[in-house]
Structure formats: C-alpha cells, structure tokens
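Residue-level listing of the chains:
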Amino acid sequence: MDPIVPYCGPAPENLWAAWNVAPLPLALCAAPLLLAALGRDVPRGPALLAAAALFLAFVSPLCALTVALFTARGLHHLVLVLLAAPALALAWPRRLPLARPLGFVGLSAFLWLWHLPAAYTLAWNSHTVYWLMQAGLLGSAVAFWSQIFHAGKPAERLASTGLLLALAGQMGLIGAILTFAPHPLYAQHLGVTAGYGLSALADQQLAGLVMWVPGMLPLAWLGALLLRRGWREASL
C-alpha cells in the first residue's frame, strides 16, 4: 500500500527548493490582484498584502514545512487568519449580513477542528478535506474581520471587540493545550521533526507558543484598544 502523501508533502529534504507551483495555489494568490485591477476604488495595499500572505502560505516553502513541523502548521494558520483574512476584509469592505456571529462561530470551529487530532488526520489524508478546511478557515476569518473593521454603531463596535477578545482567549487556550500536553498529539509528525533539531513533543510545544504569543497577544492588544475606544464613544 502506497504511503499517504499530504498536500505540500512529502516533508522536504531541501526546504528552499520546496516551492509549490501548482495551478490552484497560484490562482489563489493572483485572485486578489486581478480583482483589484478590475475593481473600482479597491485599495491596492490590502490587495497586495492579501496576495503576498496567500503566496507565503501556499506557494512558499512554508507550505512544505507544515508537513514536517506542526509549528509551521500553526504559523501557516496565523498567516491566513491574521494577515490574509484582514487584508481581504480591508480590500473589499463589505458589511456581510450576520458576519459577526457566523464569522466568529465559523472561525472558532475551524481553529478547533484543525487542532483536533482526528480532523487533522482527515485533512492530512485527503487533499479535498485539506482544501475544504483551509477554505472554511480563511472564509470565516474574512467574515469575522469584515465585521470588526466595518462595525457601525458604538454598541456594535463594543460587541465586535468582545468577540475579538474571545477569539484571542481561544487561541491562548489552544496554545496552552499544545504547550502543556504531556505527549505528542499528532502522529503524522513523529519521526520527521528530528531533522530540524526538535522532538515531536518539543515541536508541538513550540507550536503552542506560536499560537499563544504571536497569535493571542496581537488580538488581545487590538481588542483592548477597540474596547477603550468603544467605551469612550458610548459614554459621549
């Protein structure tokens, strides 16, 4: 029976040669630039940032590194949620109906799904499931950030800020679970992390710290700033 090769896999022997130039990721990266070129009043900066973030996530060697290190998988998700998604929400400022509850619920669900070993195995074993989970993560994150950036009334901004802080709390909790788990949770990375100077457990702990610090802290900081602004506006 042939071994399962995950998307972006197998784990690279030469990382800097492991670029993913398949049509789908290249088209995904080009889409924001094309839509910005065809659209009117579309800010070029956010569209360029979105394209660059998608390029980093799916075309650059980071994609291949996610097969070897779970830390890279965590960084990959942060690139989508904290760079690509907010950039897309800024480039196409649409206040989507029900974006606040559905974006938050969907983003929360897909963050937890990606960190459940059973769901992670499904995405590892199936390219279709992999892309469905990536699309769900990115799409729900765009809806979430659209509500954060385009909330109108002060009360809506306060509510959106609460959801932002709740998301930061979830990322911190996921990071804590990964950091303090007594054993590796993802069998797919056993035996491949040693080439990068890490045991599977150390790699998982590092992934938890990535979720905890660069993941949670910027969200908490932004939420605190927005909360302070919202309270000031609500008290006027």
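Residues numbered from 1 in each chain as written. Predicted model: local features only at pLDDT ≥ 70, side-chain atom pairs only at ≥ 80, totals over all residues. Heavy atoms only, no water.

**What to know about unusual backbone geometry**
Inference 1: The residue after Gly9, namely Pro10, is reached through a cis peptide bond having omega 0 degrees.
Inference 2: Mapping Pro10 onto the fold places it in the segment before helix H1 (23–38).
Inference 3: Even without being glycine, Cys8 reaches a positive phi, approximately 80 degrees.
Inference 4: Tracing the backbone through its elements, the reader meets Cys8 in the segment before H1. (Helix = DSSP H or I, 4+ residues; strand = E, 2+ residues; numbered from the N terminus.)

**What about the state of the cysteines?**
As used here, a disulfide is simply a covalent bond connecting the sulfur atoms of two cysteines.
Inference 1: Counted by the stated rule, this structure contains one disulfide.
Inference 2: Each sulfur in the disulfide pair Cys8 and Cys63 lies 1.4 Å from the other. Note that Cys8 is positioned in the segment before H1 and Cys63 in helix H3 (residues 61–68), a separation of 55 residues in sequence. You'll find Cys8 and Cys63 in the same group, each marked buried. (Disulfide = S-S within 2.5 Å. Buried < 20%, exposed > 50% of the residue type's maximum accessible area, 1.4 Å probe, protein only.)

**With respect to helix H4 (residues 70–91)**
Inference 1: The terminal C-alpha atoms of H4 lie 30 Å apart, and with 22 residues this matches the ideal 32 Å at 1.5 Å per residue to within 8%.
Inference 2: Along H4, the sharpest kink reaches roughly 30 degrees, centred on Ala84 and followed within four residues by the proline Pro86.
Inference 3: Of all 22 residues making up H4, 18 are buried, and the element is well covered by its neighbours. (Expected span 1.5 Å × (residues − 1). Bend = angle between axes of the 7 residues up to and from the residue.)

**Some thoughts on the confidence of the model for the protein**
Inference 1: Scored by pLDDT, the protein has a mean of 87; 90% of the residues are at 70 or more.
Inference 2: For the protein, helix H9 (residues 200–235) is the element with the lowest average pLDDT, namely 81, and helix H6 (residues 117–125) is the one with the highest, namely 96. (pLDDT = per-residue confidence, 0-100.)

**Side note on the packing of H3 against H4**
Inference 1: Packing of H3 against H4 leaves a shortest axis separation of 6 Å and a crossing angle of 135 degrees. Of the possible angle classes, the one that applies to H3 and H4 is oblique. Where H3 crosses over H4, the two elements pack in a sense that is left-handed. Residues Leu62, Leu65, Thr66 and Ala68 of H3 pack against Phe70, Ala72, Arg73, Leu75, His76 and Val79 of H4.
Inference 2: Split by residue class, the contact of H3 with H4 holds seven nonpolar, two polar and one charged. (Axes fitted to C-alpha atoms, helices over the stretch in contact; angles between N-to-C directions. Parallel < 35°, antiparallel > 145°, perpendicular 65-115°, else oblique. Left-handed = near helix turned anticlockwise from the far one by under 90°. Contact = heavy atoms within 4.5 Å. Nonpolar A, V, L, I, M, F, W, Y, C, P; charged D, E, K, R; others polar.)

**Comments concerning the environment of Ala72**
Inference 1: Residue placement: Ala72 occurs in helix H4.
Inference 2: When its relative accessible area of 4% is taken as the criterion, Ala72 is described as buried.
Inference 3: A C-alpha to C-alpha distance of 6.7 Å links Ala72 and Leu62, two positions 10 residues apart in sequence.
Inference 4: Residues within four places of Ala72 in sequence aside, it is in contact with Leu62, Leu65 and Thr66.

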